[in-house]
Amino acid sequence: MSQISFRPTARHLAYGPADVGWHPFRLDRIASTVLTALRATLQFGWHRLRQAWRYSAALRELHALDARTLKDLGLHRGDLRAIADAYAHRGIVGRFGAVRVGRVEIADVARCVEFAGLLHPNDIRLRFGRPAALSDAGTFRRLFGLDDRKIETIGLFDLSGQILGLATVAWVRPGTAEIALIIRSDLQRRGLGAALLANVIRDARDAGFRLLLAHIGHGNVPMRRLAHRFGFEFAGTAPSAEAQLVIRR
């Protein structure tokens with residue numbers, strides 16, 4: 001009887017005695033594809049869930065504003081859903097999504113100095129109680145606490161990145177912070193101050209603060225009116241009276 005010899009080829013060595021069925025390397029590839037698809041699905045679902053939560057929270061905040069505050073913000077009741085949706089998807093606030101709110105960092109100093117150049121000297125005096133050379137980068141950083149870890153500076157930006165207004169939130173003691181804000185002189189009385197203050201109060205609530213303080217001079221009538229409409233109460237008759245807002249959940 002003749003014998004038939006079999007010499008394995010490179011193809012047999014790679015795939016085994018029979019090139020049929022599922023192979024380990026194919027299972028690994030399929031598992032990797034499935035995991036990648038699953039990860040993408042979970043990320044998309046989480047992203048949509050966050051957007052839904054942000055939309056719901058923003059709409060709730062907007063509906064809580066009274067008629068006078070809505071007027072200050074330049075909003076109408078019919079705009080609220082569109083504004084909440086814009087905030088949820090792109091992080092923009094204000095009527096028609098005209099502005100963004102974000103933290104100001106050291107890298108933003110050049111834009112801050114540009115913003116300072118558009119401030120009227122009287123607005124600077126009302127903000128700090130005295131004249132200040134904010135056109136100097138070092139002075140600006142010091143007065144706005146950009147190097148101080150206990151002070152957070154919040155900026156109101158247009159869609160091109162220019163600063164429209166600034167607010168500072170300074171830690172005083174546990175649960176208490178002092179706030180101050182200033183709006184570009186040529187853009188005042190357009191609801192920007194109300195938009196910035198509303199975001200500062202919301203962020204302070206989210207951060208766990210229960211009491212906000214603000215020192216507003218008697219001559220700063222627009223800011224005193226704005227503070228009143230957001231619930232701040234003034235104590236004393238000093239030239240720079242202290243206003244307090246108790247934050248309720």
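With respect to the overall build of the protein chain
Link 1 in the chain: Across its full length, the protein chain carries nine helices and eight strands.
Link 2 in the chain: Residues counted as buried form 38% of the 249 residues belonging to the protein chain.
Link 3 in the chain: Intrachain contacts of the protein chain at a sequence separation of at least 6 include 52% that bridge at least 24 residues.

Re the packing of aromatic side chains
Link 1 in the chain: Evaluation of the coordinates by the stated rule reveals two aromatic pairs.
Link 2 in the chain: Ring centres 5.5 Å apart and planes at 85° place the aromatic pair Phe128 and Phe144 in the edge-to-face group. Linking Phe128 in helix 6 (residues 121–128) with Phe144 in the loop between helix 7 (137–143) and strand 3 (151–158), this pair joins segments that are 16 residues apart in sequence.
Link 3 in the chain: Of the residues examined, Phe144 reaches a relative accessible area of 0% and is grouped as buried.
Link 4 in the chain: Between Phe140 and Phe144, the aromatic rings sit 4.4 Å apart at their centres with planes inclined by 15°, giving stacked as the arrangement.
Link 5 in the chain: The class of Phe140 is buried, set by a relative accessible area of 1%.
Link 6 in the chain: Here a set of aromatic residues connected by ring pairs shows up, and it is made of Phe128, Phe140 and Phe144.
Link 7 in the chain: Geometry around Phe144 places Arg127 over its ring, the cationic atom sitting 5.5 Å from the centre.

Details of the pairing of strand 5 (residues 176–183)
Link 1 in the chain: Counting buried positions along strand 5 gives six out of eight residues, so the element sits mostly inside the fold.
Link 2 in the chain: Across eight bridges, the pairing between strand 4 (residues 163–173) and strand 5 is antiparallel. Each bridged residue has a counterpart across the sheet, and for Arg173 the counterpart in strand 5 is Thr176.
Link 3 in the chain: Count of turn residues in the strand 4/strand 5 antiparallel hairpin: two residues, of which Gly175 carries a positive phi of about 85°.
Link 4 in the chain: Sheet topology note: the strand 5/strand 6 (residues 211–217) ladder contains three bridges and is parallel.

What to know about the environment of Ile163
Link 1 in the chain: Tracing the sequence through the fold places Ile163 in strand 4.
Link 2 in the chain: With relative accessibility at 3%, the residue Ile163 sits in the buried group.
Link 3 in the chain: A C-alpha to C-alpha distance of 9.7 Å links Ile163 and Val101, two positions 62 residues apart in sequence.
Link 4 in the chain: Filtering out sequence-adjacent residues up to four positions away, Ile163 remains in contact with Arg111, Cys112, Phe115, Leu156, Phe157 and Arg184.

Considerations on the nonpolar core
Link 1 in the chain: Counting 30 residues, the largest nonpolar core has Ile179, Leu197, Leu212 and Phe232 as its most contacted members.
Link 2 in the chain: Breaking this core down by element, the ones donating at least two residues are strand 3, strand 4, strand 5, helix 8 (192–206), strand 6, helix 9 (221–229) and strand 8 (240–246).
Link 3 in the chain: The next biggest cluster of nonpolar side chains, apart from the first, holds 18 residues, and it includes Phe128, Leu134, Phe144 and Ile182.

Examining helix 5 (residues 109–116)
An α-helix turns once per 3.6 residues; consequently, residues spaced three or four apart project the same way.
Link 1 in the chain: Residues Val109, Cys112, Phe115 and Ala116 constitute the buried set of helix 5. One side of helix 5 carries all its buried residues, which in axial view fall inside an arc of 115°.
Link 2 in the chain: Check the buried side of helix 5 and you find it contacts helix 7, strand 4 and strand 5.

Overview of the confidence of the model for the protein chain
Link 1 in the chain: Confidence along the protein chain averages 79 in pLDDT terms, with 78% of residues attaining 70 or more.
Link 2 in the chain: Scored below 50 in pLDDT, residues 1–6 shows one contact in the model against residues more than four places distant or in partner chains.
Link 3 in the chain: Here residues 11–18 is modelled with pLDDT under 50, and outside its nearest four sequence neighbours on either side it reaches seven contacts, counting other chains as well.

Things to note about helix 9
Link 1 in the chain: Within helix 9 the residues assigned to the buried category are Met223, Arg224, Leu226 and Ala227. The arc that holds the buried residues of helix 9, viewed along the axis, is 160°, so those residues lie on one side.
Link 2 in the chain: Two residues or fewer past helix 9, Gly231 is found with a positive phi of approximately 100°.

Describing the pattern of salt bridges
Link 1 in the chain: One pass over the full model with this rule turns up six salt bridges.
Link 2 in the chain: For Arg103, the salt bridge goes to Glu105, with nearest N and O atoms at 3.8 Å.
Link 3 in the chain: Between Arg111 and Asp108 there is a salt bridge; the shortest N-O distance is 2.5 Å.
Link 4 in the chain: The exposure class of Asp108 is buried, given its relative accessible area of 10%.
Link 5 in the chain: Because the salt bridges share partners, they merge into one network encompassing Arg103, Glu105 and Glu152.

Thresholds applied
- Residues numbered from 1 in each chain as written.
- Predicted model: local features only at pLDDT ≥ 70, side-chain atom pairs only at ≥ 80, totals over all residues.
- Heavy atoms only, no water.
- Helix = DSSP H or I, 4+ residues; strand = E, 2+ residues; numbered from the N terminus.
- Buried < 20%, exposed > 50% of the residue type's maximum accessible area, 1.4 Å probe, protein only.
- Contact = heavy atoms within 4.5 Å.
- Phe/Tyr/Trp six-rings, centres within 6.5 Å; stacked < 30°, edge-to-face > 60°.
- Lys NZ or Arg CZ within 6 Å of the ring centre and 35° of its normal.
- Pairing = 2+ DSSP bridges.
- Core = buried A, V, L, I, M, F, W, Y, C linked by side-chain atoms within 4.5 Å.
- Arc of directions from axis to C-beta.
- pLDDT = per-residue confidence, 0-100.
- Salt bridge = Lys/Arg side-chain N within 4 Å of Asp/Glu carboxyl O.

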